[in-house]
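Tertiary structure, described
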Amino acid sequence: MSPRIRGLRTFRAWLAARPQAADAVLALALLAVGLPELFLSDRSLEEARLFAAPDPRQAVTVVAVTLSLVLRQRYPLTTLWIVLAGEFLLSVWDYVPSIPDLVAFMVAVYSVAAHRALAHSALGGVAALAGFNALMWSFPVHPTLLEFLTNNALLVGVWVLGRNLRMRRAYFTELEDRAARLERARGSDARAARIEERSRIARELHDVVAHHVSVMTVQAGAARRIIDRDPGGAREAMSTIEEVGRTALSEMRRIVGVLRTERDELARGELAPQPGLGDLGGLLDHVRETGLSVQLWIEGEARTPSPGVDVAAFRLIQEALTNTLKHAGPQARAWVRLRYTAEDLTVEIEDDGRGTATIVADSGDKPGHGLVGMYERVALYGGELRIGPRVGGGFGVRARFPLSA
């Protein structure tokens, strides 16, 4: 790119950022072209007889009218009144119209239409049209019908052009505002999605850590108590602790891996699927190894729920049994029931331990993270959850999941 073209582009950018400077350049250009033409051009005998000769008074008036264009974008109506007043003075003094004041008049009409609302622009347009016709008929030589119609059509066309450009600017401004609003909404949606994802991962981590650590704690306590009299049983308990620990690490690695490289990991098949009701047997085996007696009943014709309901039901059972391990006591028993109907899946987990008092004591006035996670999981799929003490002692959790969720 040549230095001349680069300089022109820089000057245009400078003018675009400074509208009043651009209008000042326009006014000076009109004066540079019009004033020499006003004083140096030859006048016909008829024009010399009908109009006064150019003099400094006319030059000062033309300069004032033309320089008023500097205010045309900020004060378009004021600019139009100044131009009209100057044109009437020149008409009263019998000066011939010049290029600068005629162009300034058209630019003032355009500015009113382009930079003011419809009411003000219509007022300015009517005033300009009336003043323009009054000036034409005040000249010593009256215009012909064709000249009259042509000049009025030109003035109306300039006003319509200004209105169209104003509406076009308003349209593009609305498009930009809409795009900005959509971008802000997209950012809000992304933040909400991130918060929801963090909440989901927090629930998953809580369920995994709470369950497996509870199993490991119970097994470690049992191994400590029997290590002297039953070394074989203690070794079996330690093996269970190792297995449960490996399972916990595997699940935590899977959950955290989703955060880090979900797409690549899934493409390589390195992430195991989320656990579901099909893995319930393994979960109950782990719990039974801690010494807690757990029984499972399945009622109705088993149906495959949606993947989300499948995971939510599994995690609900896992959390409820974890609470039983922590709070129900050494002699407690637990029951898990799955009841399938055509419309929903009901999951019940009950125990006959002493967990009611300890759960209330641990949670205080507010429910713990595990109970909150239960409510969130069930609510996410449009289900219903009831948690509370059983009649006759113990604790119970009952959830209903719509199979259409």
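A brief structural summary. Everything numeric in this text was worked out from a predicted model, so none of it was measured.

A few words on the overall build of the chain. Looking only at helices and strands, the chain has 13 helices and 5 strands in total. By the burial criterion, 38% of the 405 residues in the chain qualify as buried. Across the chain, every contact between residues at least 6 apart in sequence was considered, and the portion connecting residues at least 24 apart equals 71%. If you sum the accessible surface of the chain, you get close to 23200 Å²; carbon and sulfur atoms cover 61% of it.

On to the packing of aromatic side chains, then. All told, the structure shown has 4 aromatic pairs when counted by the stated rule. Considering the side-chain rings of Trp 93 and Tyr 95, the 6.3 Å spacing of their centres and the 85 degrees angle between planes classify their relative orientation as edge-to-face. Taking relative accessible area as the criterion, Tyr 95 reaches 2% and is therefore assigned buried. The ring of Trp 93 carries Arg 57 above its face, with NZ or CZ at 4.2 Å from the centroid.

Further remarks concern the packing of helix H2 (residues 19-40) against helix H4 (residues 56-67). Contact pair H2 / H4: the axes reach a minimum separation of 10 Å and the direction vectors enclose 160 degrees. The orientation of H2 with respect to H4, classified from their angle, is roughly antiparallel. In this structure, the crossing between H2 and H4 has a hand that is right-handed. For the pair H2 and H4, contact is made by Ala 27, Leu 28, Leu 30, Leu 31, Leu 35, Leu 38 and Phe 39 and by Gln 58, Ala 59, Val 62, Val 63, Thr 66 and Leu 67, respectively. When its residues are assigned to classes, the contact of H2 with H4 shows 11 nonpolar, 2 polar and no charged.

Before going further, it helps to examine the side chain of Asp 23. On the secondary structure map, Asp 23 appears in helix H2. A polar side-chain atom of Asp 23 sits 2.9 Å from a polar atom in the side chain of Arg 72.

Right, let's get into the sheet that holds strand E2 (residues 333-340). The strand order E1-E2-E3-E5-E4 describes an open sheet built from 5 strands, whose pairing is mixed. Looking at the sheet topology across the chains shown, the edges are occupied by strand E1 (293-299) and strand E4 (384-389). Here the strands of the sheet are splayed against their neighbours by 10 degrees on average, with no regard to which way each runs. Pairing geometry for strand E3 (residues 344-351) and strand E5 (residues 395-402), over 8 bridges, is antiparallel. Residue pairing for E5: Asp 344 is matched across the bridge by Pro 402. Strands E1 and E2 of the sheet are contacted by helix H10 (residues 280-289), whose axis makes an angle of about 160 degrees with E1. Packed on one face of the sheet, helix H11 (residues 307-327) meets E2, E3, E4 and E5 and runs near 10 degrees to E3.

Inspection of the secondary structure assignment puts Ile 349 in strand E3. A residue is classified by how much of its surface remains accessible, and Ile 349, at 2% relative accessible area, is buried. Once the C-alpha coordinates of Ile 349 and Ile 387 are considered, the two residues, 38 residues apart in sequence, prove to be 9.7 Å apart. Ignoring sequence-local partners within four residues, the contact set of Ile 349 consists of Leu 316, Ile 317, Ala 320, Leu 321, Trp 335, Val 336, Phe 395, Gly 396 and Val 397.

Looking now at the side chain of Asn 133. If you trace the backbone, Asn 133 turns up in helix H7 (residues 118-138). Using a relative accessible area of 14% as the deciding quantity, one classes Asn 133 as buried. Apart from the residues within four sequence positions on either side, Asn 133 is in contact with Phe 148 and Asn 152.

Bridging between E4 and E5 involves 6 bridges; their strand directions are antiparallel. Considered in E5, the bridge of Glu 384 is made with Arg 400. Between the antiparallel neighbours E4 and E5 lie 5 residues, among them Gly 392 with a positive phi of about 95 degrees.

Conventions used here
Residues numbered from 1 in each chain as written. Predicted model: local features only at pLDDT ≥ 70, side-chain atom pairs only at ≥ 80, totals over all residues. Heavy atoms only, no water. Helix = DSSP H or I, 4+ residues; strand = E, 2+ residues; numbered from the N terminus. Buried < 20%, exposed > 50% of the residue type's maximum accessible area, 1.4 Å probe, protein only. Contact = heavy atoms within 4.5 Å. Areas by Shrake-Rupley, 256 points an atom, 1.4 Å probe, with all protein chains shown as cover. Phe/Tyr/Trp six-rings, centres within 6.5 Å; stacked < 30°, edge-to-face > 60°. Lys NZ or Arg CZ within 6 Å of the ring centre and 35° of its normal. Axes fitted to C-alpha atoms, helices over the stretch in contact; angles between N-to-C directions. Parallel < 35°, antiparallel > 145°, perpendicular 65-115°, else oblique. Left-handed = near helix turned anticlockwise from the far one by under 90°. Nonpolar A, V, L, I, M, F, W, Y, C, P; charged D, E, K, R; others polar. Polar contact = N/O pair within 3.5 Å; in protein donor to acceptor, adjacent residues only side chain to side chain. Pairing = 2+ DSSP bridges.

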